[in-house]
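Close look at the chain arrangement
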Amino acid sequence: MKLSCLPVSLYADFVSGRRSLPDWFRIAADLGLDGADISVAHFNWNDRAELDRLRDNAAQAGVRIAMVVTYSDFTLPDPEARRREQAAVHAQIEAAARLEAPYVRLTAGQSWPGVARADGMVWAAEGLSQAAAYASGLGVTALYENHTRGSVWRWNDFSQPADRFLELVAATEGSDLKVLFDTANNLALWDCPETVLARVRKRVAAVHLADIEQPGAFKPVVPGMGASPHASILKILRAEGFDGWISVEEASGNGLDGLAASFRHADAVWQSIGGVPRSNTVSAEQQG
């Protein structure tokens, strides 16, 4: 497998200017990662010169931008707003292609008050399928996540409940859309992640290795320190032949120490289920 990270714990630093995305690429390389994920909230995805600089910054650091995280909101109540959103998502996918990222993360949309389930399902399935087809045409794989809430959102994800997520995966069967399976989000609503994964495992192209303190509440902790059954989840995927990108979603707020600990955990749990060790894994001694 290849290891990347979505550094949610560093988001406040990016917003404040205390750290930049090039800083993040250097941190990722120093900690032995193969890739570094980035969010569209932290760069100008319409600026080609900036995109070229970011791509070059990652290459110079020795990592690739593995995934561009969007907050696609296909459940907006207003039809014109949904059309604008689709255009914005297409532009973000173009940015991912220019950054040479293999993946772009998509979400169904927010749980907007007053949106009926049936309408939201139709709108989300249409938006996800169209975006996935557009991404495929640019050489990017679109991934739909079992998601909780975007950092720039007001409301939780429309498809946070497992039954809605599974319905949308089924509704997009035959499209170019793949699944980004998050190891913790289902637990926030007491849904069993292994049960959900068993229904979508053949569509999974990448993993968000995340963790929460306990089921029933979304309180992120350093991956490996909470309730998420990482070994059993990865074992299910490995049985399907999965050997792709695992992105650690580190949102504990523990800074670089939390990042380093989560990467050691990811490597250890992968090897514990018989996975082949990564060639550029940095040892605990090297990480200090």
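Residues numbered from 1 in each chain as written. Predicted model: local features only at pLDDT ≥ 70, side-chain atom pairs only at ≥ 80, totals over all residues. Heavy atoms only, no water.

1. Topic: unusual backbone geometry
Excluding glycine, a negative phi dihedral is what most residues carry, and trans is how most peptide bonds are arranged. Rules: Counting from the N terminus, the helices are the DSSP runs of H or I reaching at least four residues and the strands are the DSSP runs of E reaching at least two. Throughout, exposure labels follow a simple rule: accessible area from a 1.4 Å probe, protein chains only, divided by the maximum for the residue type, with under 20% read as buried, over 50% as exposed, and the rest as partly exposed.
Despite not being glycine, Glu100 shows a phi value in the positive range, around 65°. Positionally, Glu100 belongs in the loop between helix H4 (79-98) and strand E4 (103-106). Despite not being glycine, Trp190 shows a phi value in the positive range, around 70°. Note on placement: Trp190 falls in the loop between strand E6 (178-182) and helix H7 (193-200). Judged by relative accessible area, which is 65%, Trp190 ranks as exposed.

2. Remarks on the environment of Phe242
Spelled out, the test is: We call two residues in contact whenever any of their non-hydrogen atoms come within 4.5 Å of each other.
In this fold, Phe242 is placed in the loop between helix H8 (230-239) and strand E8 (245-249). Looking at Phe242, the relative accessible area reads 9%, which means it is buried. Not counting the four nearest positions on each side in its chain, Phe242 is found in contact with Val204, Ala205, Ala206, Val207, Leu237 and Trp270.

3. Section: the pattern of salt bridges
Using the following cut-off: When a carboxyl oxygen of Asp or Glu is within 4 Å of a side-chain nitrogen of Lys or Arg, the pair counts as a salt bridge.
Evaluated as defined, the whole model comprises 16 salt bridges. The partner of Arg55 in a salt bridge is Asp52, with the nearest N and O atoms 2.9 Å apart. With Arg55 and Asp52 both in helix H3 (residues 48-61), this residue pair falls three residues apart, about one helical turn. The class of Arg55 is partly exposed, set by a relative accessible area of 22%. Each of Asp52, Arg55, Asp56 and Arg98 takes part in one network of salt bridges that share partners.

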